[in-house]
Amino acid sequence: MASSTVICDTEPWKKLRAHVEDIKKTHLRDLMTDTKRCQSMMVEFDGLLLDYSRQCATLETMDKLFKLAEAANLKQKIGRMYNGEHINSTENRSVLHVALRAPRDSVIQSDGKNVVPDVWKVLDKIREFSETVRNGSWVGATGKALTDVISVGIGGSFLGPLFVHTALQSGLTLKPADPEASKFAKGRQLRFLANVDPVDVARNITGLNPETTLVVVVSKTFTTAETMLNARTLREWISSALGPSAVAKHMVAVSTNLKLVEEFGIDPNNAFAFWDWVGGRYSVCSAVGVLPLSLQYGFSVVEKFLKGASSIDQHFYSAPFEKNIPVLLGLLSVWNVSFLGYPARAILPYSQALEKLAPHIQQVSMESNGKGVSIDGVPLPFEAGEIDFGEPGTNGQHSFYQLVHQGRVIPCDFIGVVKSQQPVYLKGEVVNNHDELMSNFFAQPDALAYGKTPEQLLNENVPQHLVPHKTFSGNRPSLSLLLPSLNAYNIGQLLAIYEHRIGVQGFVWGINSFDQWGVELGKSLASQVRKQLNAARTKGKPVEGFNHSTTTLLKRYLELLHFRSRC
C-alpha cells in the first residue's frame, strides 16, 4: 500500500508556509539594500556566477529551505541516483544520465555493473564513425561525400540536440558561437526532422541532395509512430533517387532494437546504442545527441560539451547545498511555486544562440515534474511543476515583458554571456552591439525588483491620469546567471544545471521526475482515430465510436478532403 507521507506534512514545510506572511511584508527594493544578504546570495563555480539576491527571500528563508531539503532527504536521494538505484520506481529503472558524460575511469553502477565502459564503447564508436564520414572515408552510394545530416526523432530525441546545435552555431553567414565548432562545421549541414506534418519533411529535404545526405533515425524501440513514419518517408526519398540498396549507405540508427533496424534496411553494425536508464528528455549526452552533433562539429567539440556537463555533475554531487548551484535553483523554484504561488518561470537568455534553450527546458521540466501524485501514488495536496516558457532578450522585451512587469508575477531566469563571439563595433555608437544587449540584461532584473512608485512619477511631472498606468509595483523575483562565454563546455554546464535543478524540485516535492505516463493517453486515443481514418478512406466505413464533437470534426475533415480530391 502506498505511504501517506508527503513533504507538506513535515515541520519544515509548515514553517515555510508560515514564513510566507513575513516575506509578504518585505519588498525587494528594501532587501536589496542589505549588502551582507546580497553577497551571500552570489555563488561562483568553474567560471559561472549565479546571483539570486533578487529572489523574494531572506537569509532566514534560505535556512528554512535547507531544512526542507533535509526533511526531503535530498542528499540521500541525490546519492541514490548517482549510485544507480532504481529511483524511477514506476518503471523500475536507474536514472543515470550523469554516466553519459562521466570520465572514462569513473565507476557508476547499475544493477551491479559499471556502466561507464559501455558508455565509452559507444562514444568511441561514434568518434570513429563520425570521423570516417567527415574525412570522406565513408561515402554515399554514388561515391560522393556525405556532408548533410538529417536527424529524425521527436521529443527528447529532438529538442535537446537542437538546443545544443543552435547554441554552437549562429547562422549560415556568421561563424558559429564556438570558434572551434566554426572550423569543423564548415561545408556541412545538420537538420532535425521531428513533426509528422509533411511540411516538416518538405522543409528538411529542400535544397538537399540524396547523394550527399546521411539520415540518423533516433528511436530506442524503433517503433515511435511519428519518427518511423518520417524515417520511411526519407527512406523512400533516398530509394527513389538512388535505389533501395542505397539505404544502407545513407541511413544509420540510434536504437537498441537491432532486429527492427535490420528489417528497416539499416545495417545493425551502424546502430548506436543507449540504455533504459536514459530518459528521452535526458538523452542529449547519449548517442541521441552526440552522434548528429559529432557528424556536424567533430567529436572533439562534442567531448568538450560532455566535459562541461560532467563538471556540473560533480559539483551537484559534492558541493554543500549553500554553494550548490542546481540545489539552490531547485529550492528557490519550490519556494516560488509551492509557497509564493507563482506557477510559471520565464527563461530569458540574452544570447540569440540560446534561442532553443527554453523549448528544451519546457520538455525537461514539464514532462518531469508535471505530476499530481507522489512517487508513492498519493495525490499531492499542493501545487507542483512549473509552466516554462521563454525567448531570447531583447526579443522577449517586445513580446511578453509587459505582462512580466505589470501583470502576473512570473519569476525570471536571466542568462547572460560575458564574451560575444560575434562582436560588432560601429563608429560613433555609444556602445558596441553586445554591450547594448547586456545593458538590458543588467537593467531588467532591477526594473522587476524595484519597480517605479507613484511618488517617483509625480516628481517627474507625469500627468496624474497616467500615473496608475506608469506605476510598476516591483518586488518581482528573478535570478541572474552569467557565463564567461558560449563555447561547447559552457553549453554543457548550462544543460546540466537545468537538468539537476529540475531533479531537485522533484526530489523535494516527493514525485517521480523520471517517468511520463501523461503522454500515453493521447497517443492511445490517436491510435483509434488512425484506424477510423484508414477504414473510412479504404473501405468507405462511416465514422463511429466517438463522441458527438469528435465525430462531427472527423466527418468534416473527411468530407473536405474528399471534396478537394475531386476538384
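Residues numbered from 1 in each chain as written. Predicted model: local features only at pLDDT ≥ 70, side-chain atom pairs only at ≥ 80, totals over all residues. Heavy atoms only, no water.

Chemist: Just checking my understanding: could you explain the overall build of the protein for this structure?
Modeler: For the protein, the helix and strand inventory stands at 23 helices and 13 strands. Over its C-alpha trace the protein gives a radius of gyration of 26 Å, about what one expects of a compact globule, namely 24 Å for 567 residues. With respect to the principal axes defined by its C-alpha atoms, the protein has extents near 75 × 65 × 60 Å. Looking at the protein alone, contacts between residues at least 24 apart form 74% of all its contacts between residues at least 6 apart. Surface summary for the protein: the accessible area is close to 25600 Å², and the carbon and sulfur share equals 54%. (Helix = DSSP H or I, 4+ residues; strand = E, 2+ residues; numbered from the N terminus. Rg over C-alpha atoms; globule rule 2.2 N^0.38 Å. Contact = heavy atoms within 4.5 Å. Areas by Shrake-Rupley, 256 points an atom, 1.4 Å probe, with all protein chains shown as cover.)

Chemist: Hey, could you run me through the sheet that holds strand β1 (residues 42–45) in this one?
Modeler: In sheet architecture, strand pairing relies on hydrogen bonds along the backbone and comes in two forms, parallel and antiparallel. Sheet architecture is open: 6 strands sit in the order β1-β2-β13-β12-β10-β11, paired in mixed fashion. The open sheet has two free edges, formed respectively by β1 and β11 (387–390), since each of these has just one partner strand. When the angles between neighbouring strand axes are averaged without regard to direction, this sheet yields 15°. Pairing geometry for strand β10 (residues 344–349) and β11, over 4 bridges, is parallel. Its bridge partner lying in β11, Arg-345 is registered against Asp-388. Strands β10, β11 and β12 (412–417) of the sheet are contacted by helix α16 (residues 357–369), whose axis makes an angle of about 175° with β11. (Pairing = 2+ DSSP bridges. Axes fitted to C-alpha atoms, helices over the stretch in contact; angles between N-to-C directions.)

Chemist: Please explain the packing of helix α4 (residues 59–71) against helix α15 (residues 325–339) as it appears in this structure.
Modeler: If you want to describe how two helices pack, look at the angle between their axes and the distance between the axes. The contact between α4 and α15 brings their axes to 10 Å, and the two run at 100°. Compared by their axis directions, α4 and α15 come out roughly perpendicular. Where α4 approaches α15, its residues Thr-61, Met-62, Leu-65, Phe-66, Leu-68 and Ala-69 are matched on the opposing element by Leu-328, Leu-331, Leu-332, Val-334, Trp-335 and Phe-339. Considered class by class, the residues forming the contact of α4 with α15 number 11 nonpolar, 1 polar and no charged. (Parallel < 35°, antiparallel > 145°, perpendicular 65-115°, else oblique. Nonpolar A, V, L, I, M, F, W, Y, C, P; charged D, E, K, R; others polar.)

Chemist: Looking at this structure, how should I read the environment of Ser-318?
Modeler: Structurally, Ser-318 is set in helix α14 (residues 299–318). On the accessibility criterion, Ser-318 (55% relative accessible area) is exposed. For Ser-318 and Ile-78, which are 240 residues apart along the polypeptide, the C-alpha to C-alpha distance reads 10.0 Å. (Buried < 20%, exposed > 50% of the residue type's maximum accessible area, 1.4 Å probe, protein only.)

Chemist: Help me out: how do you make sense of the sheet that holds strand β8 (residues 251–254) in this one?
Modeler: Taken together, the 5 strands give an open sheet; going across it, the order is β6-β5-β7-β8-β9, and neighbouring strands pair in parallel fashion. Looking at which strands have only one partner, the edges of the open sheet turn out to be β6 (189–193) and β9 (271–272). With 2 bridges connecting them, β8 and β9 associate as parallel partners. Pairing of Val-254 across the sheet is with Phe-272, part of β9.

Chemist: What is the right way to look at the pattern of salt bridges in this model?
Modeler: For side chains bearing opposite charge, pairing can occur when the charged atoms are close. Taken as a whole and judged by the stated rule, the model has 20 salt bridges. Taking the shortest distance from any N to any O, the salt bridge between Asp-51 and Arg-54 comes out at 3.1 Å. On the basis of relative accessible area, Asp-51 is assigned to the buried category, the value being 10%. For Glu-60, the salt bridge identified is with Lys-64, shortest N-O distance 3.7 Å. Within this pair, Glu-60 and its partner Lys-64 are both found in helix α4, separated by 4 residues, close to a single helical turn. (Salt bridge = Lys/Arg side-chain N within 4 Å of Asp/Glu carboxyl O.)

Chemist: Would you mind going over helix α10 (residues 225–242) with me for this structure?
Modeler: In an α-helix there are 3.6 residues to a turn, and that puts residues three or four apart on one side. Between its first and last C-alpha, α10 extends 25 Å over 18 residues, near the 26 Å set by a 1.5 Å rise per residue. When α10 is considered as a whole, its buried residues turn out to be Thr-227, Met-228, Asn-230, Ala-231, Leu-234, Trp-237, Ile-238 and Ser-239. With its phi angle positive at about 95°, Gly-243 sits one or two positions after the end of α10. (Expected span 1.5 Å × (residues − 1).)

Chemist: Please explain the packing of aromatic side chains as it appears in this structure.
Modeler: Pairs of aromatic rings are described using the distance from one ring centre to the other and the angle between the two planes. Applying the stated criterion to the full structure yields 16 aromatic pairs. Their ring planes at 0° and their centres at 5.0 Å tell us that Trp-275 and Trp-277 sit as a pair that is stacked. Assigned by exposure class, Trp-275 and Trp-277 land together as buried. Relative to Phe-414, the ring of Tyr-350 lies with its centre 6.1 Å away and its plane at 40°, an arrangement referred to as tilted. Placement of the pair is Tyr-350 in the loop between β10 and α16 and Phe-414 in strand β12, with a sequence separation of 64 residues. Each member of the pair, Tyr-350 as well as Phe-414, carries the same accessibility label: buried. Over the face of the ring belonging to Phe-264 we find Arg-235, whose NZ or CZ atom lies 4.2 Å from the ring centre. Cation over ring: Lys-249 sits above Trp-138, and NZ or CZ is 4.5 Å from the ring centre. (Phe/Tyr/Trp six-rings, centres within 6.5 Å; stacked < 30°, edge-to-face > 60°. Lys NZ or Arg CZ within 6 Å of the ring centre and 35° of its normal.)

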